[in-house]
Amino acid sequence: MERDLSEKNPPEKQLSNNSDSSDNEENATNITTNLNANHHDHPETETCDQLVSQSPKAGVKVEESDNTSHEIEEVHHEEKENEEKIGDTPPPEIHYTLETVSQDIDQFITTLSATPKDAKETIVEEEKDEKAPMEIPVFVEKFLDLVEEKVAKHELNEGKGKWGQNPEEDSSFLEAVNRISKLTSSLDGLRSDPNHAALISRIGGIQQRVMACLEDEFRFTLEDIKHNDQDPNTDAKGKQHEADRCVLPESESAETDNFLGYSDDAVSKLNRIAKEMIGGGFESECCHVYMMIRGHAFDECFAEIGFEKISIDEVQKMQWEALEREIPLWIKAVKEYASIYFVKELKLAEAVFSNYSSISSSLFSNLTRSVLIQLLNFAEAVAMTKRSAEKLFKFLDMYETLRDSLPAMGALFSEEYENELKTESTTARCRIGEAAICMFCDLENSIKSDTGKTPVPGGAVHPLTRYTMNYLKYAGEYIATLEQVFREHSKIERADSTSRPRYESESQNFNNDNDEENQSPFSNQLVRVMDLLDSNLEAKSKLYKDIALSCIFMMNNGRYIVQKIKGSTEIRQMMGDPWCRRKSSELRNYHKNYQRETWSKLLGCLGHEGLQVNGKVIKPVLKERFKSFNVLFDEIHKAQSSWVVSDEQLQSELRVSITAVVIPAYRSFMGRFSQYLTPGRQTEKYVKYQAEDLETYIDELFDGNSASGARKRP
């Protein structure tokens, strides 16, 4: 048997078989590798794996049937054909959407961002040397195509009517903008590579377009405040919406006011757009639009308040009546801007640019600065107009507005701008204060210049007294402000005073009688004014020929002055109680002088002296006494009924004092001497008045009725 086998397989043949066996082992190994890779795709090749696993180790003689060898060759051939078919078949086309490709873009951006810029530039240089450009994934081009489609839709609608209808679409667009900006930044290192120039240029162009869309929408949203006139925190029924509030940084108060007519959704949208524009390098465009729109909004606020932009030259040319109407509007503008608009404007800027505090602060400062300069320029222009006493109170209103409103805004600004604002507002306030002092001091000139030689009829209160005291009464309402102004500008006050030499001595004496707390530049000025007024009135009282009427004139004016002083708590405190006591004492003296000048002569007719001789009444003398009394009383009644005492209390005091003196004396005289007259005709002729009649006629005095006369007893 062995011989037969060896004949069938000679030595040469055996070597050949061994060689074939070795080749078969190598082929089997390759096939195993290929099949393992495609094991799950070709389960039918499992029998081949079994055959291979049964192959003997290297160097061992193996007898294989021709059938087995044939099967292995067929499998090998079939595998090659499969590999050729797979290689010739193109890969299936991938369907990209903006959502799916965005994930790849994010990964790509992350990879690029992880590479330092210097390394990117090195790669570019190496690419130039090796002429093997860095490959940009295909999905980048697909992403750009999809973004361009979305941009085209927004451009078609010009941004209007598109935003806000589909929040998911808005978010998707903003996210795409964000990726474009990041992609631009990440590929910045490849800008010098000519192989990528076209792609980078395309990305830059798309970015310009998307930013233009955002800019348009940013502008449109800022302008769209007309539809939010009511408080955005309340609905038509007045219910407050807490859920719709715009989320602000934690430092903001939980109770957020409305944003100057913008809804919370609008503020949120502005915030997102600003974030993308600034992050994409379009900060200047974003800020320019914001400044322009909000600047126009401030102008509209001026128009709503009614205050017009008036230049310094225009203010100088305006008549006081017209300017007087503008000042309250200016005051309203300052107060509302300081307490309402600026506060809300800051909140709006901080909400829109919440990610960029320096930008929001800068925009707010620049916007408010232009408004404040305009308001302060108006104040300084008013301060330069012609000064007169009647303008004082408008100027004090402006002074208080600048003093109280502007400093309260300091917390809204940065320290640097706060200091600048403080300097400018203080300058304007000082100029208003200086003008106010000059005006108040001009009251002295008004008193001194009133040198009229015509006495006031009836001894009534002089117009100068009314003007001065009403002026001081109104000044009392600004007492704290005037105190502050005079203390701050006392040097100006001393320089402008027209009666300083006279006052220096008088005020020194007055200070000795007054409390220390009342001594101030303004209280001193008040005393000086009152002294001037008293001197002027004394001069005018001498214009009356009747001394009694002169006393009535001084009583009328003195009482009017005291009543006005007492009616103003502030002015009374300024003048002090000693001054009031001194003035009241003066009034009592005038009263005594009046009675002496008027009624002492009448009472002389009722005296007993000279009526009796040796205990007998001399009738002719008695008759003459009654006759003189009647004539004198008629003259007094006729004259003094036309005199004027407008103060009811003073009028009553005068009548009561006259009655208290005259009536008892007349009753006593009548009771003692009327019996000496023959009853009948003689009595009627000489006894013209009964005591009751005199009381009635006395009550008619000081009514200012020139037609009055003593009526005959019925």
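All values derive from a computational prediction rather than experimental measurement. (Residues numbered from 1 in each chain as written. Predicted model: local features only at pLDDT ≥ 70, side-chain atom pairs only at ≥ 80, totals over all residues. Heavy atoms only, no water.)

Some points on the nonpolar core
Part 1: Judged by nonpolar contacts, the single largest core of 172 residues is most densely connected at F218 and Y594.
Part 2: In terms of residues, this core owes the most to one element, helix 13 (residues 320-352), which gives 16 residues. (Core = buried A, V, L, I, M, F, W, Y, C linked by side-chain atoms within 4.5 Å. Buried < 20%, exposed > 50% of the residue type's maximum accessible area, 1.4 Å probe, protein only. Helix = DSSP H or I, 4+ residues; strand = E, 2+ residues; numbered from the N terminus.)

What to know about the environment of A639
Part 1: Take A639: it is sitting in helix 25 (residues 619-640).
Part 2: Note: C-alpha distance between A639 and F702 (63 residues apart in sequence) is 9.1 Å.

A look at helix 28 (residues 691-698)
Part 1: Listed as buried for helix 28 are A691, D693, L694, Y697 and I698. Taken down its axis, helix 28 places every buried residue within 155 degrees of arc, on the same side.
Part 2: Packed against the buried residues of helix 28 are helix 25 and helix 26 (648-673). (Arc of directions from axis to C-beta. Contact = heavy atoms within 4.5 Å.)

What about the packing of aromatic side chains?
Part 1: One pass over the structure, following the stated rule, counts 30 aromatic pairs.
Part 2: One aromatic cluster in this structure is built from F298, F302, F307, W330, Y337, Y341, F342, F364 and F378. (Phe/Tyr/Trp six-rings, centres within 6.5 Å; stacked < 30°, edge-to-face > 60°.)

Looking at the side chain of R294
Part 1: Within the fold, R294 resides in helix 11 (residues 283-305).
Part 2: Among the polar contacts made by the side chain of R294, one reaches the side chain of Y262 at a distance of 3.0 Å.
Part 3: A distance of 2.8 Å separates a polar atom in the side chain of R294 from a polar atom in the side chain of E345.
Part 4: Those residues within four positions of R294 in sequence are excluded, and the remaining contacts are L222, I225, L260, Y262, E345, L348 and L367. (Polar contact = N/O pair within 3.5 Å; in protein donor to acceptor, adjacent residues only side chain to side chain.)

Let's talk about the pattern of salt bridges
Part 1: Using the criterion set out here, one finds 22 salt bridges in the structure.
Part 2: Here D534 makes a salt bridge to K583, at a shortest N to O gap of 2.6 Å. Of this pair, D534 sits in helix 21 (residues 521-541) while K583 sits in helix 24 (residues 577-604); the two residues are 49 residues apart in sequence, bridging distant segments of the chain.
Part 3: Residue D534 is classed as buried on the basis of its relative accessible area, which comes to 13%.
Part 4: One salt-bridge network, in which partners are shared between bridges, spans E215, D216 and R219. (Salt bridge = Lys/Arg side-chain N within 4 Å of Asp/Glu carboxyl O.)

Thoughts on the packing of helix 14 (residues 357-383) against helix 16 (residues 415-449)
Part 1: It is the contact of helix 14 with helix 16, at a shortest axis distance of 9 Å, that shows an interaxial angle of 15 degrees. Viewed along their axes, helix 14 and helix 16 adopt a mutual orientation that is roughly parallel. You can see that helix 14 and helix 16 cross each other, and the crossing is left-handed. Between helix 14, through S365, T368, R369, L372, I373, L376, A379, E380 and A383, and helix 16, the contact on the second element is made entirely by Y417, E420, L421, E424, S425, T427, A428, R431, I432 and A435.
Part 2: For the contact of helix 14 with helix 16, the residue count by class is ten nonpolar, four polar and five charged. (Axes fitted to C-alpha atoms, helices over the stretch in contact; angles between N-to-C directions. Parallel < 35°, antiparallel > 145°, perpendicular 65-115°, else oblique. Left-handed = near helix turned anticlockwise from the far one by under 90°. Nonpolar A, V, L, I, M, F, W, Y, C, P; charged D, E, K, R; others polar.)

Some words on the confidence of the model for the protein chain
Part 1: Model confidence for the protein chain is summarised by a mean pLDDT of 75, while 68% of its residues fall at 70 or above.
Part 2: For the stretch residues 493-518, pLDDT sits under 50, and the model shows 42 contacts to residues farther than four places along the chain or on other chains.
Part 3: Counted against residues more than four places away or in other chains, residues 708-714, with its pLDDT under 50, gives 17 contacts. (pLDDT = per-residue confidence, 0-100.)

Here we look at the packing of helix 25 against helix 26
Part 1: Look at helix 25 against helix 26: their axes get within 12 Å of each other, and the N-to-C directions meet at 150 degrees. Considering their axes alone, helix 25 and helix 26 lie roughly antiparallel with respect to each other. In terms of crossing hand, the pair formed by helix 25 and helix 26 is left-handed. Contacts between helix 25 and helix 26 pair L622, R625, F626 and F629 from the former with Y666, F669, M670 and F673 from the latter.

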